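One letter stands for each residue in the lines below.
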Amino acid sequence: AQKITQTQPGMFVQEKEAVTLDCTYDTSDPSYGLFWYKQPSSGEMIFLIYQGSYDQQNATEGRYSLNFQKARKSANLVISASQLGDSAMYFCAMRESGSARQLTFGSGTQLTVLP
Amino acid sequence: NAGVTQTPKFQVLKTGQSMTLQCAQDMNHNSMYWYRQDPGMGLRLIYYSASEGTTDKGEVPNGYNVSRLNKREFSLRLESAAPSQTSVYFCASRSGGVNSPLHFGNGTRLTVT
């Protein structure tokens, strides 16, 4: 079974509007972390935001926030006031407890911001 | 502050050739990772090294070997390249904290013909 599922291969949003990128995850581990990364067309991977499974509040970083619904096992990324520079591929990833704590990635969502 | 440095950036190989992808980090991180990225499949873990002197297989290790040369360097070797290994390869590192993100290199685009 997929550990991380991103069901939106592509999304479009108008500049200055908010957009939500979906991510659901599957784990039986009570301790885990969820990460979002941005990959612009230049190819580098940029860390955006982190949410721990025991965190009581949803994570926020500037225009990025994470809508964490633990019972539904979802960790959606919300980008407010979209900018043209937000056009990129976005990956959701999960780290479960374990010796090496490697990240497992979803297949990504390609976001295009329209002027 | 270089972060994670990967070389080369691009490489074209013929089937059966060998090569080593180099990775070095200057952040004193304990853990290092090699991922491959293929269209529609996200990033998949090839090998990782939780600490200097240890290496372990990830999700897709077949056809690859790794060496953790020291704390800074973690190399990935393709002994006999195959077209299925055409991909973008990312090296990453992280510190030990449970919430620590991966820091990625800029990737190596490998084409095997």
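Our subject is the structure that appears above.
Predicted model, so just to flag it, every value in this text is computed and none were measured. Here the residue index of a chain counts from 1 through its sequence in written order. Chains and ligands are labelled by the order in which they are written, letters from A for the one and numbers from 1 for the other. Given that this is a predicted model, residues contribute local features only at a pLDDT of at least 70 and side-chain atom pairs are listed and counted only at 80 or more, while totals for whole chains, interfaces and linings are drawn from all residues. Side-chain numbers here rest on the full set of heavy atoms in the structure, without hydrogens or water.

A. Representation of the packing of aromatic side chains within the structure. Pairing of aromatic rings covers Phe, Tyr and the six-membered ring of Trp, with a centre-to-centre limit of 6.5 Å; geometry is then stacked below 30 degrees between planes, edge-to-face above 60, and tilted otherwise. One pass over the structure, following the stated rule, counts 14 aromatic pairs over all chains. Taken together, the aromatic side chains of Phe35(A), Tyr37(A), Phe47(A), Tyr50(A), Phe91(A), Phe105(A), Tyr33(B), Tyr35(B), Tyr48(B), Phe90(B) and Phe104(B) make up a single cluster linked through ring pairs. Charge over a ring is defined by NZ of Lys or CZ of Arg lying within 6 Å of the ring centre and within 35 degrees of the ring normal. Sitting over the ring of Tyr64(A), Arg63(A) keeps its end group 5.8 Å from the ring centre.

B. Expanded view of the pairing of strand E6 (residues 46-52) of chain A. Residue and element names in this part refer to chain A. Counted residue by residue, E6 has five buried out of seven residues, so it is predominantly covered. In this scheme, strands are said to pair when DSSP sees at least two bridges between them. Secondary structure elements follow DSSP: runs of H or I no shorter than four residues count as helices, runs of E no shorter than two count as strands, and numbering proceeds from the N terminus. The pairing of strand E5 (residues 32-39) with E6 spans six bridges and is antiparallel. What sits directly across from Phe35, in E6, is Tyr50. Two successive antiparallel strands, E5 and E6, enclose a turn made up of six residues, where Gly43 displays a positive phi of approximately 105°. Classification of residues uses two cut-offs on accessible area relative to the type maximum, computed with a 1.4 Å probe and protein chains only: under 20% is buried, over 50% is exposed, and between them is partly exposed.

C. Representation of the interface of chain A and chain B. Here, residues are in contact when the closest pair of their heavy atoms is within 4.5 Å. Each side of the interface is counted separately: chain A has 18 residues, and chain B has 20 residues. By buried area we mean the combined loss of accessible area, with a 1.4 Å probe, across both parts when two parts are placed together. When chain A packs against chain B, close to 1600 Å² is buried across both sides, 58% of that on carbon and sulfur atoms. Put simply, a salt bridge is a Lys or Arg side-chain nitrogen that is within 4 Å of an Asp or Glu carboxyl oxygen. Linking chain A to chain B there are zero salt bridges. Counted as a polar contact is a pair of N or O atoms within 3.5 Å, where, for protein atoms, one must be capable of donating a hydrogen and the other of accepting one, and residues adjacent in sequence contribute only when both atoms are in side chains. Applying the counting rule to chain A against chain B returns four residue pairs in polar contact (both at pLDDT 80 or more). At the level of secondary structure, the elements contributing two or more residues to the side of chain A that touches chain B comprise E5, E6, strand E10 (88-96) and strand E11 (103-105) of chain A. Sorting elements by how many residues they give to the side of chain A that touches chain B places E5(A) first, with three residues. Split by residue class, the side of chain A that touches chain B holds nine nonpolar, six polar and three charged. In this classification, Asp, Glu, Lys and Arg are treated as charged, Ala, Val, Leu, Ile, Met, Phe, Trp, Tyr, Cys and Pro as nonpolar, and every other residue, Gly included, as polar.

D. Quick peek at the pattern of salt bridges. Taken as a whole and assessed by the stated rule, the structure comprises five salt bridges over all chains. Taking the shortest distance from any N to any O, the salt bridge between Lys3(A) and Glu96(A) comes out at 3.0 Å. Residue Lys3(A) is found in the segment before strand E1 (4-5), and its partner Glu96(A) is found in strand E10; the two are separated by 93 residues along the sequence. One salt bridge in this structure joins Arg36(B) and Asp38(B), with 2.9 Å as the shortest N-O distance. Assessed through its relative accessible area of 7%, Arg36(B) is described here as buried. One salt-bridge network, in which partners are shared between bridges, spans Arg36(B), Asp38(B) and Arg44(B).

E. Looking closely at the state of the cysteines. When the sulfur atoms of two cysteines come within 2.5 Å, that pair is taken as a disulfide. In total, this model carries two disulfides over all chains according to the counting rule given. Disulfide pairing places Cys23(A) opposite Cys92(A) at an S-S distance of 2.0 Å. Taking the sign of the S-S torsion, -65° for the link of Cys23(A) and Cys92(A), the bridge is left-handed. You can see Cys23(A) sitting in the loop between strand E3 (19-21) and strand E4 (24-25) and its partner Cys92(A) sitting in strand E10, a full 69 residues away along the chain. Residue Cys23(A) is classed as buried on the basis of its relative accessible area of 1%. Judged by relative accessible area, which is 0%, Cys92(A) ranks as buried. The disulfide partner of Cys23(B) is Cys91(B), and the gap between their sulfur atoms is 1.9 Å. Measuring the twist about the S-S bond at about -75°, one finds the Cys23(B)-Cys91(B) disulfide to be left-handed. Separated by 68 residues along the polypeptide, Cys23(B) in strand E3 (residues 19-25) and Cys91(B) in strand E9 (residues 87-94) bring together distant segments of the chain. Residue Cys23(B) is classed as buried on the basis of its relative accessible area of 3%.

Structural measurements only, silent on function.
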